[in-house]
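# Working through the structure, step by step
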Amino acid sequence: MRILIVNTSEQTGGAAVAARRLMDALNNNGVKAKMLVRDKTTSRMTVVGLKSPWLSRWRFLWERLAIFIHLRCSREHLFEIDTAFSGHDITNLPEFKEADIIHLHWINQGMLSLRGIQKIIDSGKPVVWTMHDIWAATAICHYARGCTNFHDRCSCCRLLPNGGSSHDLSAKIWEKKDKMLKSNKFWFVTCSKWLGTQAVQSALLRGHHVVSIPNAIDTKMFHPSDKTNARQQIGITAQNKRLILFVAQRVTDERKGMPYFIEALQHLANARPEMHENTGVVILGGRPEEITGNLPFEVYPMGYVGDPKQIVQIYCACDVFVLPSLEDNLPNTIMEAMACGVPCVGFNVGGIPEMIDHCQNGYVAQYKDAQDLARGIHWVLSEAEKLSRNAVAKVAMAYSQQTIATQYIKIYQQALDAKKR
C-alpha cells in the first residue's frame, strides 16, 4: 500500500507537524508513505517539494489579493479565509501516479485549488482527507466561531464586509465545493471528536464517511528527561523556580488566549505573593517581546524554535503547560507536553477536554474563566508528580505511532475496498 500525504508545508503549522508524524508512523508500521508539500525545508527523501517555488508564491499572492479585494481592501480576516481559487495540478507527478491512496491534509494558500482537487477525484484514486480545522466542511472559514450557516448553506458570511449577502463569496465557494464533493465519496478524518461532531453537521459532508482519529506522536523523541539538565540545556539557571510554559507559533494569536493567560497569572500573583520569587514563565513562540511586560513573573522568552530536540528540552524544563485556546482542534502542543511528563491546563473547548482528563493528568478550566484557569495552574503545580505519570501513560495509550497507524490503515483499506465494488 502506497500513500501520498499532501500538505501545504513540511514543517510550519500544526497540520504540517501532524502530517509528517503520520507519515513516519505509517512508514514505521509497514506502509510506504510519502509527503508532497509546497514548502519543502529539509532534505528528507520521503518528502517531495513542488517545483517552481516562484509559481507557488505567485499563486499564494494571487489568492490573497482576490480575498483582499472581496474584503474591500481590508486586512481584517484576511488570513481567516481561504477560497482555493488557485493551486497546483499534482496528478501528473510520479509520486501521485504511484500512490494507491491520496491523503489530503491542510492544502490551502495556493497548494491545491478546488479544480485541482476535482482532478484528483477524476483520477479515480481513493481520497482520504484529514481535517485539521472546519474548512473542508464550510465555504471559506477555518473556524466557525459559533456560526451554523454551514449546517445548511454558507452565505451572509460574518467574515465579509457588512456580514456578506445571500450571493456573497461564501455562497459562491459553497456551490463549487458542493458540486465537487457530490462527484465522489471522500473518507474524512477529524483529529478530534469535537471537530467530528462539527463536521457531520455540515450539509457539504452528508453522505461521506467521517471518523475521528487523533494525531500521532513519536514517544521515542518526546519523553520525560531530567528537569535540572533540561534547564541547563536551554540556558535557565534558576533551578528552584516552578516554570509555567506557554507555546504558540505566534504568541499574540488571539485564538490561543494570551489575554486569559496574562489575567490568570495576575490573579495568582495577587493572591499568592510568594509566587513572585519562586515562579517563572517560559514563552515558546514568535513575538514574545510583545507580551513579556504584561506578565507578573520573571519571563524566559525562547522565541521560535524549530529543532525538535530543543523543543523537548523546553518542555522537560517546565512544571506545567498552559494553553487557554478559545477554539482548537487537537493541539499538538498539549500532546507533546504530556508525552514529556508535563501536566496541562486548558479551557473546556474543542478537543482539549479529550486530551486532558480533568484532575487526572491536568486541569480543564471553565471556558474563558481566568480565575478558574489560575486555580488550575496552582493545583497542577501542587500535584505535579502524580499528574506527570498519568500524562505520560495517556499519551502511550492513545497517541502512539502504532495506535494511530493501525487506525489509518483500516481506513485506507476500507477506501480501497469501496473503489473495487
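Just above sits the structure.
All of the points below concern the structure found in this document. (Residues numbered from 1 in each chain as written. Predicted model: local features only at pLDDT ≥ 70, side-chain atom pairs only at ≥ 80, totals over all residues. Heavy atoms only, no water.)

### Notes on unusual backbone geometry
To be explicit about the condition: Only DSSP runs of H or I reaching four residues or more are called helices, and only runs of E reaching two or more are called strands; each is numbered from the N terminus. Working definition: with a 1.4 Å probe on protein chains only, accessible area under 20% of the residue-type maximum means buried, over 50% means exposed, and in between means partly exposed.
If you check the backbone angles, R72 has positive phi at about 60° while not being a glycine. Among the structural elements, R72 can be located in the loop between α2 (53-70) and α3 (94-98). Taking relative accessible area as the criterion, R72 reaches 59% and is therefore assigned exposed. Even without being glycine, N162 reaches a positive phi, approximately 60°. Mapping N162 onto the fold places it in the loop between β5 (127-131) and α5 (169-182). A residue is classified by how much of its surface remains accessible, and N162, at 70% relative accessible area, is exposed.

### What to know about the packing of aromatic side chains
Selection rule: Pairing of aromatic side chains here covers Phe, Tyr and the six-membered ring of Trp, requires ring centres within 6.5 Å, and sorts the geometry by plane angle: under 30 degrees stacked, over 60 edge-to-face, intermediate tilted.
Enumeration according to the criterion identifies eleven aromatic pairs in this entry. Between the aromatic rings of F246 and F261, the centroid separation amounts to 5.1 Å while the plane-to-plane angle is 40°, which identifies the pairing as tilted. Separated by 15 residues along the polypeptide, F246 in strand β8 (residues 242-250) and F261 in helix α8 (residues 258-271) bring together distant segments of the chain. Residue F246 shares its accessibility class with F261, and that shared class is buried. Ring centres 6.3 Å apart and planes at 85° place the aromatic pair Y315 and F321 in the edge-to-face group.

### Considerations on the environment of R75
Structurally, the position occupied by R75 is in the loop between α2 and α3. Residue classification places R75 among the exposed positions, given a relative accessible area of 64%. Once the C-alpha coordinates of R75 and E263 are considered, the two residues, 188 residues apart in sequence, prove to be 28 Å apart.

### Some thoughts on helix α10 (residues 308-317)
Each α-helix turn comprises 3.6 residues. Residues three or four places apart therefore point the same way. Let me state the cut-off plainly: Should any heavy atoms of two residues lie within 4.5 Å, those residues are considered in contact. N or O atoms within 3.5 Å of each other form a polar contact, as long as, within protein, one can give a hydrogen and the other can take it, and as long as residues adjacent in sequence are counted only when both atoms are side-chain atoms.
Among the residues of α10, I311, V312, I314, Y315, C316 and A317 are the ones counted as buried. Close packing links the buried residues of α10 with α7 (227-233), β8, β9 (279-286), β10 (298-303) and α11 (332-339). A side-chain oxygen of the first residue of α10 lies 3.1 Å from the backbone nitrogen of K309; this N-cap is D307.

### Overview of the layout of surface pockets
Note the following rule: Grid points spaced at 1 Å and placed over the protein atoms alone form the basis of the search, with a cavity being a set where a 1.4 Å probe fits but cannot get out and a pocket an open set showing protein on both sides within 12 Å along at least five of seven lines. Lining residues have an atom within 4 Å of a point. Grid points are joined across faces, edges and corners, and a volume is the space filled by probe spheres set on the points. Residues are grouped as follows: nonpolar covers Ala, Val, Leu, Ile, Met, Phe, Trp, Tyr, Cys and Pro; charged covers Asp, Glu, Lys and Arg; every other residue, Gly included, is treated as polar.
The space that makes up the second largest pocket amounts to roughly 370 Å³. Along the wall of the second largest pocket there are 17 residues; nearest its centre are A84, S113, L114, R115 and G116. Among the secondary structure elements, those contributing two or more residues to the lining of the second largest pocket are α4 (114-122) and α5. Of the residues that constitute the lining of the second largest pocket, the class distribution is five nonpolar, six polar and six charged.

### Comments concerning the pairing of β9
Put simply, the test is: One bridge is not enough; two strands pair if DSSP finds at least two bridges between them.
For β9, the tally of buried residues reaches eight of eight residues, placing the bulk of the element in the interior. Bridge count between β9 and β10: five bridges; the pairing is parallel. Looking across to β10, one finds that I283 is bridged to P301.

### A few points about the sheet that holds strand β7 (residues 209-212)
In plain terms, the rule: Interaxial angle, 0 to 180 degrees, is taken between N-to-C directions of lines fitted to C-alpha atoms, where a helix line uses only the stretch in contact.
Reading across from one edge, β3-β2-β1-β4-β5-β6-β7 is the order of the seven strands in this open sheet, with parallel pairing throughout. Of all strands in the sheet, those bounded by a partner on one side alone are β3 (47-49) and β7. Taken over all neighbouring pairs, the strand axes of this sheet differ in orientation by 25° on average, direction set aside. For strand β2 (residues 32-39) and β3, the ladder comprises three bridges, and the chain directions are parallel. In the strand pairing of β3, M35 is matched with V47. This element, helix α1 (residues 14-27), spans β1 (2-9), β2, β3 and β4 (101-104) of the sheet and lies at about 160° to β2.

### Section: the pattern of salt bridges
Rule in force here: Here a salt bridge means any side-chain nitrogen of Lys or Arg lying within 4 Å of a carboxyl oxygen belonging to Asp or Glu.
Evaluation of the coordinates by the stated rule reveals 19 salt bridges. Across the salt bridge formed by D82 and R64, the nearest N and O atoms sit 2.3 Å from each other. Residue D82 is found in the loop between α2 and α3, and its partner R64 is found in helix α2; the two are separated by 18 residues along the sequence. Under the relative-accessibility criterion, R64 is labelled buried at 5%.

### Focus: the nonpolar core
Rule in force here: The term nonpolar core refers to a set of buried residues drawn from Ala, Val, Leu, Ile, Met, Phe, Trp, Tyr and Cys, joined through side-chain atoms within 4.5 Å.
In this structure, F261, I283 and I377 are the most contacted members of the largest nonpolar core, which totals 73 residues. The element contributing the most residues to this core is α8, with seven residues.

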